[in-house]
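What the coordinates show
What follows is each chain in one-letter form.
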Amino acid sequence: LLADEINRAPAKTQSALLEAMEERQVNLEGERHLLEAPFMVVATQNPIEYEGTYPLPEAQLDRFLFKVLIGYLPLEEEVQVLERYHQGFDAHDIAATGLQPLLAAADIAAARQAIQRVVVEQGILTYIAEIAAASRRSPDLVLGASPRASTHTLLAAKTYAALQGRGYVTPDDVKAVVPSILRHRLVLKPEAEIEGLDADAVIARLLGQLAVPR
């Protein structure tokens, strides 16, 4: 499910989506409909506008694996965009883009099984748990990482290691995925925001305070 500008959906829609994300099912007029695997939710959120939007509840945010920040294009790439539009490119003509499917549902299931075989030593498990625990003790935060954030960190680190061609997780794999996993789950104290901190800065501070396993 691709939800464009998810923060424009009202509370009842958010509640229904929460059930779909957690239970992998929807209820329609009292009848339960299971969502076929592999089901996933990808959403965009406008970071600027607040008029006509609704804040996402923490329980729903916690069920998103990643929050990926997409900034502006480098100058050279923006020039290429202008050149394509000048040459008649139509962003609404999907067929003309030449997009091709890369994976079938069976391929995703096979990839998930391969990720399960990635080796994780006890020291890495402890390191992940320590990161979450440190966020809960942080003087900069009202709300730290949940246990679900820890399990998502483990899954993402295993996936990242597999993408690097390795069958084992390193501390650097954990560090690489932690910002994207935690930045939408942490709630900063007003004093920290006044100090100019954001979630990424707090995460970097947390990582700098913890001993890295060997």
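Preceding block: the structure.
Residues numbered from 1 in each chain as written. Predicted model: local features only at pLDDT ≥ 70, side-chain atom pairs only at ≥ 80, totals over all residues. Heavy atoms only, no water.

A few words on the packing of helix α7 (residues 171-182) against helix α9 (residues 199-209). Running from N to C, α7 and α9 cross one another at 140°; their axes reach a closest spacing of 10 Å. By the criterion of interaxial angle, the relationship of α7 to α9 is oblique. Read as a crossing pair, α7 and α9 show a hand that is right-handed. Each of Lys-175, Val-178, Pro-179 and Leu-182 in α7 lies in contact with α9, whose residues at this interface are Asp-200, Ile-203 and Leu-207. Looking at side-chain class alone, the contact of α7 with α9 contains five nonpolar, no polar and two charged residues. (Axes fitted to C-alpha atoms, helices over the stretch in contact; angles between N-to-C directions. Helix = DSSP H or I, 4+ residues; strand = E, 2+ residues; numbered from the N terminus. Parallel < 35°, antiparallel > 145°, perpendicular 65-115°, else oblique. Left-handed = near helix turned anticlockwise from the far one by under 90°. Contact = heavy atoms within 4.5 Å. Nonpolar A, V, L, I, M, F, W, Y, C, P; charged D, E, K, R; others polar.)

Mapping Leu-73 onto the fold places it in the loop between α2 (58-61) and α3 (75-86). In contact with Leu-73, other than residues within four places in its own chain, are Glu-78 and Val-81.

With that settled, consider unusual backbone geometry. Looking along the chain, the bond that leaves Ala-37 and enters Pro-38 is cis, with omega of 0°. Take Pro-38: it is sitting in the loop between β3 (31-34) and β4 (42-43). A positive phi is found at Glu-5, a non-glycine position, where the angle reads about 50°. Its place among the elements puts Glu-5 in the loop between β1 (2-3) and α1 (11-23). Judged by its relative accessible area of 24%, Glu-5 is partly exposed. Backbone geometry places Arg-24, a non-glycine residue, at a positive phi of 55°. Structurally, Arg-24 is set in the loop between α1 and β2 (25-28). (Buried < 20%, exposed > 50% of the residue type's maximum accessible area, 1.4 Å probe, protein only.)

With 12 residues, α7 extends 16 Å between its outermost C-alpha atoms, agreeing within 8% with the 16 Å of an ideal straight helix rising 1.5 Å per residue. For α7, the full list of buried residues reads Pro-171, Asp-173, Val-174, Val-177, Val-178, Ser-180, Ile-181 and Leu-182. Looking at the buried positions of α7, the neighbouring elements they touch are α5 (122-137), α6 (147-163) and α9. (Expected span 1.5 Å × (residues − 1).)

Ranked by size, the top nonpolar core spans 29 residues in total, and within it Ile-131, Val-169, Val-174, Leu-182 and Leu-188 carry the most contacts. Those elements that provide at least two residues to this core are α5, α6, α7 and α9. Top element by residues in this core is α5. It accounts for six residues. Those residues in contact with Leu-188 that lie beyond four places of it in its chain are Asp-140, Leu-141, Val-142, Glu-193, Leu-197, Asp-198, Ala-199 and Val-202. Core analysis: the second largest hydrophobic core is formed by 10 residues, Ile-6, Ala-20, Phe-39 and Phe-64 among them. (Core = buried A, V, L, I, M, F, W, Y, C linked by side-chain atoms within 4.5 Å.)

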